[in-house]
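Here is what each chain is made of, one letter per residue.
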Amino acid sequence: MSNSIKLAILGLGTVGTGVINLINDNLDELKRRSGRDIIITEVGTRRQRDDIDATIIQNSDLMATAASDNVDIVIEVIGGTTLAKDVIMHAIKHGKHVVTANKALLAEHGNEIFAFAEAHNVHVAYEAAVAGGIPIIKVMREALAANKIDWLAGIINGTGNFIMTEMRDKGRPFADVLSEAQELGYAEADPTFDVEGIDAAHKLALLASIAFGIPLQFDKVYCEGITGITLQDVDYAEELGYRIKHLGFAVRRDGQGNADAAGIELRVHPTLIPQEALLANVNGVKNAVLVNSHPLGQTLYCGDGAGAGATASAVMADVMDLVRVLGSKDRDDQHNTGHHVPHLAFIPEQLSDTPILRAEQMTTGYYLRVHAYDSPGVLADITRILSDAGINIDAILQKPAHKVGQVPVIILTLPVVESQMNLAIEKIEKLDTITDKVVRIRLDELA
Ligand code: HSE
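Nothing here was measured: the structure is a model prediction, and the numbers come from that model. (Residues numbered from 1 in each chain as written. Predicted model: local features only at pLDDT ≥ 70, side-chain atom pairs only at ≥ 80, totals over all residues. Heavy atoms only, no water.)

Novice: A description of the overall build of the protein should follow, citing residues and the corresponding values.
Specialist: Within the protein, the regular secondary structure consists of 13 helices and 16 strands. Taking 447 residues into account, the globule formula puts the C-alpha radius of gyration at 22 Å, and the protein, at 24 Å, falls close to it. By residue count, 54% of the 447 residues in the protein fall in the buried class. Total accessible area on the protein stands at roughly 18700 Å², and carbon and sulfur atoms take up 49% of it. (Helix = DSSP H or I, 4+ residues; strand = E, 2+ residues; numbered from the N terminus. Rg over C-alpha atoms; globule rule 2.2 N^0.38 Å. Buried < 20%, exposed > 50% of the residue type's maximum accessible area, 1.4 Å probe, protein only. Areas by Shrake-Rupley, 256 points an atom, 1.4 Å probe, with all protein chains shown as cover.)

Novice: Please provide a residue-by-residue account of the pairing of strand β2 (residues 38-44), values included.
Specialist: By the criterion of burial, β2 is predominantly enclosed, with six of the seven residues buried. Taken together, strand β1 (residues 5-10), helix α1 (residues 14-34) and β2 form a β-α-β motif whose crossover is right-handed. Sheet topology note: the β2/strand β3 (residues 57-59) ladder contains three bridges and is parallel. The residue of β3 that forms the bridge with Gly44 is Asn59. (Right-handed = clockwise from strand over helix to strand, strands pointing away. Pairing = 2+ DSSP bridges.)

Novice: Can you lay out the sheet that holds β1 for me, pointing to particular residues and giving the numbers?
Specialist: In space, the six strands of this open sheet follow the order β3-β2-β1-β4-β5-β6, with parallel pairing throughout. In this open sheet, the two edge strands, each paired with only one partner strand, are β3 and β6 (124-125). Bridging between strand β4 (residues 73-76) and strand β5 (residues 97-100) involves four bridges; their strand directions are parallel. The residue of β5 that forms the bridge with Ile73 is His97. Lying over the sheet, α1 contacts β1, β2 and β4, oriented at roughly 160 degrees with respect to β2. (Contact = heavy atoms within 4.5 Å. Axes fitted to C-alpha atoms, helices over the stretch in contact; angles between N-to-C directions.)

Novice: Give me the domain arrangement of the protein: which residues, what numbers.
Specialist: Domain boundaries assigned for the protein yield domain 1 (4-135 + 308-350), domain 2 (137-304 + 355-359) and domain 3 (363-443). Of note, the centres of domain 2 and domain 3, computed from C-alpha atoms alone, are 25 Å apart. Taken together, the two surfaces of domain 2 and domain 3 that pack against each other cover about 1500 Å², and 59% of this comes from carbon and sulfur. Looking only at domain 2, the three residues that lose the most surface to domain 3 are Tyr236, Leu240 and Leu272, adding up to 36% of its buried area. A salt bridge links Arg369 to Asp233, with the nearest nitrogen and oxygen atoms 2.6 Å apart. Only α10 (231-239), β9 (242-253) and β10 (263-274) provide two or more residues apiece to the side of domain 2 that touches domain 3. Examining the composition of the side of domain 2 that touches domain 3, we find that six residues originate from one element, β10, more than from any other. Residues that form the side of domain 2 that touches domain 3 fall into these classes: ten nonpolar, four polar and six charged. (Domains from an automatic or database assignment. Buried area = accessible area lost by both parts, 1.4 Å probe. Salt bridge = Lys/Arg side-chain N within 4 Å of Asp/Glu carboxyl O. Nonpolar A, V, L, I, M, F, W, Y, C, P; charged D, E, K, R; others polar.)

Novice: Give a description of the packing of helix α4 (residues 103-119) against helix α9 (residues 198-212) that names residues and reports values.
Specialist: The description of two packed helices rests on the angle between their axes and on the distance between the axes. At a minimum axis distance of 8 Å, the contact between α4 and α9 shows a crossing angle of 55 degrees. When the interaxial angle is binned, α4 and α9 end up oblique. As α4 packs across α9, the resulting crossing turns out to be left-handed. Across from Lys103, Ala104, Leu106, Ala107 and Glu108 in α4, the residues of α9 making contact are Asp199, His202, Lys203, Ala205 and Leu206. Looking at the contact of α4 with α9 residue by residue, the classes come out as five nonpolar, one polar and four charged. (Parallel < 35°, antiparallel > 145°, perpendicular 65-115°, else oblique. Left-handed = near helix turned anticlockwise from the far one by under 90°.)

The following block contains the structure:
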């Protein structure tokens, strides 16, 4: 086959090595699908490796590899937001198409990077940045292109899902499960990104921009981690027919006649969802994204969201798209980005300035765990405060006193604006009969 496509891989960690292995394993399939030879000409690595094919140049100068004449497509899998940004900008400046798995970089600097790429008529592809091997970027940018997306909800951090699953199924302690996720290569270099929801927030920012045609706004994502979730809450939720999952939500709100309440909710938090919901049954390191769009309705995309093979699969899917673009060389239009789906699915000039709602403007159901002295009228006091605030109670579970004279009361509510719930909780905590801070976890019926 002629006209080889020359790849550079910057970074030889789990993903970079996964890409090399995938190409070695599936080269025939790749060639048969693209009609081109696909070869790795260079790798950018600080440390020389003796397990790399001798025909591949190993270069410790990553900027040189990013600009090399010997390279058509630069695959950035270094991670981080400093060197990775420099090499990507350098590659773009030198007319290279880029494939990256770097969600943190795109969530924080994607507006600038995509604009720079458009100005240089190249494309930055990033399927691997969200939900690993699940082709959710392609689905949302292309397959759902005729739909109006109303909301999406996703399990978009495998490590967090693994921890929640093991806690529920085996009662394992948090730290123990996190160490296992690190050993398996799922966790971020800094695992607080996983357990505090930052990694999910990066991915959510990308999904929301594609869903609603808005600029990337990672700094406006409301983010709550899973470190405060106790086995006790996991059990109470199960008893009431719900399961706690760490989810990212992007929701379009029309404000129901109130212009101030119209906007987009971007939030990552532990959430009670019905046990029978498909998302509730996505376990281990699996990721899943549920998209509600019009007129299609709900569709669910599920698979491995982390790991070498899954991420390499997404990286190479992007490479295959770009191979076809580069294949149009003879038509002299290989660098015309008009032939690409726009980076954020919508034409850059058509991105909308719909506001992102603040946390206190967001609407969700709630699970409340209230600890009270076991005395007459306690429950009546709590429910009166909630009803005065216009909060509709959906279920109540009162357990027998577990400490001397104290009872945990579990309340599930219908959706309510957070500012209203804040006021009600403040009042409940001021009751003389309440012994601890109220524990609250959001709840969503996914309907
Ligand atoms: N740390 C991430 C996760 C890796 O656990 O999902 C994939 O982005």
